[in-house]
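# Structural features, examined
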Amino acid sequence: MTDRSSALSIESPAARRVPAAVFGGAREFHFERHHFDLIAGLLYQLAGIALAPHKAEMVYARLARRLRELRLPDFDAYCALLQGDGGADEIGFLVNALTTNLTSFYRESHHFDFLASTVLPEARMRNAGASRPRLRLWSAGCSSGPEPYTMAMVLVSTMGADLRRWDARILATDIDTHMVDTARRGVYPLSGATGIPPAIRQRFTHDTRLNGEPAVEMGEDLKRLVTVKPLNLLEHWPMSGPFDAIFCRNVLIYFDRRGRTQVIENFGRMLRPGGYLFLGHSESLYGVSNLFRQAGPTIYRRE
């Protein structure tokens, strides 16, 4: 854990530019710039996330719920909690509250087409003749799990019965421990599974209930392939690799340039030569790293 005293003294670049007009006023909890500065600085230090000025209202709305849960009278009390002896216990809740988790099955489908048409055939060729071929995929920033389970569906569908002789694993990680728990369970509202083609859904999931509503649960064939762990991308990575492909989509946009460079360089070390990195549709490695060359839209190959 980062030393909390130093973390609280660091103000994110975004925090310095927050318009004062978003603070004060008639609110349930009085919210001032110094509250935002402390919270934004802590999040920046712990997770590398630089909160943009327009995120001040989001910070208030999400943490107001937390203040109600804790029965705290105001943000002065919440900031005192973060700085006090019990602050370490609250940090996980803070990070969970302020990280955004938007995901869906088969999101940006061209990435999964490329996984099936290029990454997996190359792995087969590279391992031709091996009695126990090895394959490692990583969903970095997996949110609640649709991405790694989509990867697993593609893997099983593409490799077929031959997959049984492979040492194949999919690592899924996220900083949000609530999302990690959801991904481990692998149960999703039926409305959230509409992106799965009907034939694939019928093959790999079964119907269940979630909070009394129709839901789907990922099948055991998929769960056996996916290992879900909590991980802060700016802290120590316990895995050794090498990975054949890494999906890190719509995560780098929350980091500043230094954080992006650090994470991309670490991805380069974790990927085998010729391995692939998949980014989100609004992300790019332009001016960030020369370790990769572009292999498709937001798809990069390790040189």
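Look up: the structure comes first, before these words.
Described below are features of the structure shown in this document. (Residues numbered from 1 in each chain as written. Predicted model: local features only at pLDDT ≥ 70, side-chain atom pairs only at ≥ 80, totals over all residues. Heavy atoms only, no water.)

## Looking at the sheet that holds strand β1 (residues 134-140)
What counts, and what does not: Only strands that DSSP links by at least two bridges are regarded as paired with each other. Numbering of helices and strands runs from the N terminus; a helix is a DSSP stretch of H or I covering at least four residues, while a strand is a stretch of E covering at least two. Only the contacting stretch of a helix is used when fitting its axis, a line to C-alpha atoms as for every element, and angles between N-to-C directions run 0 to 180 degrees. Throughout, a residue-residue contact means that at least one pair of heavy atoms, one from each residue, lies within 4.5 Å.
Taken in spatial order, the seven strands make up an open sheet running β6-β2-β1-β7-β8-β10-β9, and their pairing is mixed. In the strand order of this sheet, the two ends are held by β6 (226-230) and β9 (292-296), each with one partner. On average, each strand axis in the sheet is inclined to that of its neighbour by 20 degrees, with strand direction left out of account. Pairing analysis gives five bridges linking strand β7 (residues 243-248) to strand β8 (residues 271-279), with the strands arranged parallel. Among the inter-strand pairings, isoleucine 246 is bridged to a residue of β8, identified as leucine 277. Relative to the sheet, helix α8 (residues 177-185) contacts β2 (167-174) and β6, its axis offset from that of β6 by approximately 165 degrees. Its contacts with the sheet place helix α11 (residues 257-270) against β1, β7, β8, β9 and β10 (299-302), and it is angled at close to 140 degrees to β8.

## Notes on the pattern of salt bridges
Our working definition: By definition here, a salt bridge exists when the distance from a side-chain nitrogen of Lys or Arg to a carboxyl oxygen of Asp or Glu is within 4 Å. Note on exposure labels: buried denotes an accessible area under 20% of the residue type's maximum, exposed denotes more than 50%, and partly exposed covers the range between, all computed with a 1.4 Å probe on protein chains only.
One pass over the full model with this rule turns up 16 salt bridges. Ionic pairing is found between glutamate 28 and arginine 68, a salt bridge with its closest N-O pair at 2.8 Å. Linking glutamate 28 in the loop between α1 (4-8) and α2 (33-47) with arginine 68 in helix α3 (residues 56-70), this pair joins segments that are 40 residues apart in sequence. Across the pair arginine 301 and glutamate 122 runs a salt bridge whose closest N-O atoms are separated by 3.4 Å. Placement of arginine 301 in strand β10 and of glutamate 122 in helix α6 (residues 109-126) is noted, with a sequence separation of 179 residues between them. A residue is classified by how much of its surface remains accessible, and arginine 301, at 22% relative accessible area, is partly exposed. Accessibility expressed as a relative area gives 21% for glutamate 122, which makes it partly exposed. Via salt bridges that share partners, Arg66, Glu69 and Glu90 belong to a single interconnected network.

## Comments concerning the environment of tyrosine 78
Relative to the helices and strands, tyrosine 78 resides in helix α4 (residues 75-83). Accessibility expressed as a relative area gives 0% for tyrosine 78, which makes it buried. Counting along the chain gives 15 residues from tyrosine 78 to leucine 63, while the straight-line C-alpha distance between them is 9.1 Å. Sequence-distant contacts of tyrosine 78, defined by excluding residues within four places in its chain, comprise Leu63, Arg66, Leu67, Leu70, Leu72, Glu90 and Leu94.

## Details of the nonpolar core
Rules: Only buried Ala, Val, Leu, Ile, Met, Phe, Trp, Tyr and Cys residues count toward a nonpolar core, and they belong to the same one when joined by side-chain atoms within 4.5 Å.
Formed by 50 residues in total, the largest nonpolar core has its most connected members in Ile39, Trp138, Leu233, Trp237, Ile246, Phe267 and Leu277. Going through the elements one at a time, α2, α3, α4, α5 (87-98), β1, β7, α11 and β8 are the ones with two or more residues in this core. Excluding its chain neighbours within four sequence positions, the residues that come into contact with leucine 233 are Trp138, Ala140, Cys248, Val251, Phe255, Gln262 and Val263. Residues Leu155, Ala183, Val216 and Phe278 belong to the second largest nonpolar core, which totals 42 residues.

## Observations regarding α8
Where we set the bar: Summarising the geometry, the arc corresponds to the directions from the helix axis toward the C-beta atoms. A 3.5 Å cut-off defines polar contacts: any pair of N or O atoms within that distance qualifies, except that in protein one atom must be a possible hydrogen donor and the other a possible acceptor, and neighbouring residues in sequence count only when both atoms are side-chain atoms.
For α8, the full list of buried residues reads Met179, Val180, Thr182 and Ala183. Mapping the buried residues of α8 onto a view down its axis gives an arc of 165 degrees, with all of them on the same face. Where the residues of α8 are buried, they touch α7 (146-159), β2, β3 (187-189) and β6. The backbone nitrogen of histidine 178 lies 2.9 Å from a side-chain oxygen of the residue at the head of α8, namely aspartate 176. Glycine 186 lies just past α8 and shows a positive phi near 65 degrees.

## Topic: the packing of aromatic side chains
Our working rule: Each Phe, Tyr or Trp ring (for Trp, its six-membered ring) is paired with any other whose centre lies within 6.5 Å, and the angle between the two planes then decides the class: stacked below 30 degrees, edge-to-face above 60, tilted in between.
If you walk through the whole model with that rule in mind, you get 15 aromatic pairs. Taking 5.2 Å as the distance between ring centres and 75 degrees as the angle between the ring planes, the aromatic pair formed by phenylalanine 114 and tyrosine 276 counts as edge-to-face. Taken as a pair, phenylalanine 114 in helix α6 and tyrosine 276 in strand β8 lie far apart in primary sequence, 162 residues in all. The class of phenylalanine 114 is buried, set by a relative accessible area of 13%.

## Quick notes on the side chain of asparagine 250
Relative to the assigned elements, asparagine 250 resides in the loop between β7 and α11. Assessed through its relative accessible area of 17%, asparagine 250 is described here as buried. Residues within four places of asparagine 250 in sequence aside, it is in contact with Arg107, Glu108, Gly280, His281, Ser282 and Glu283.

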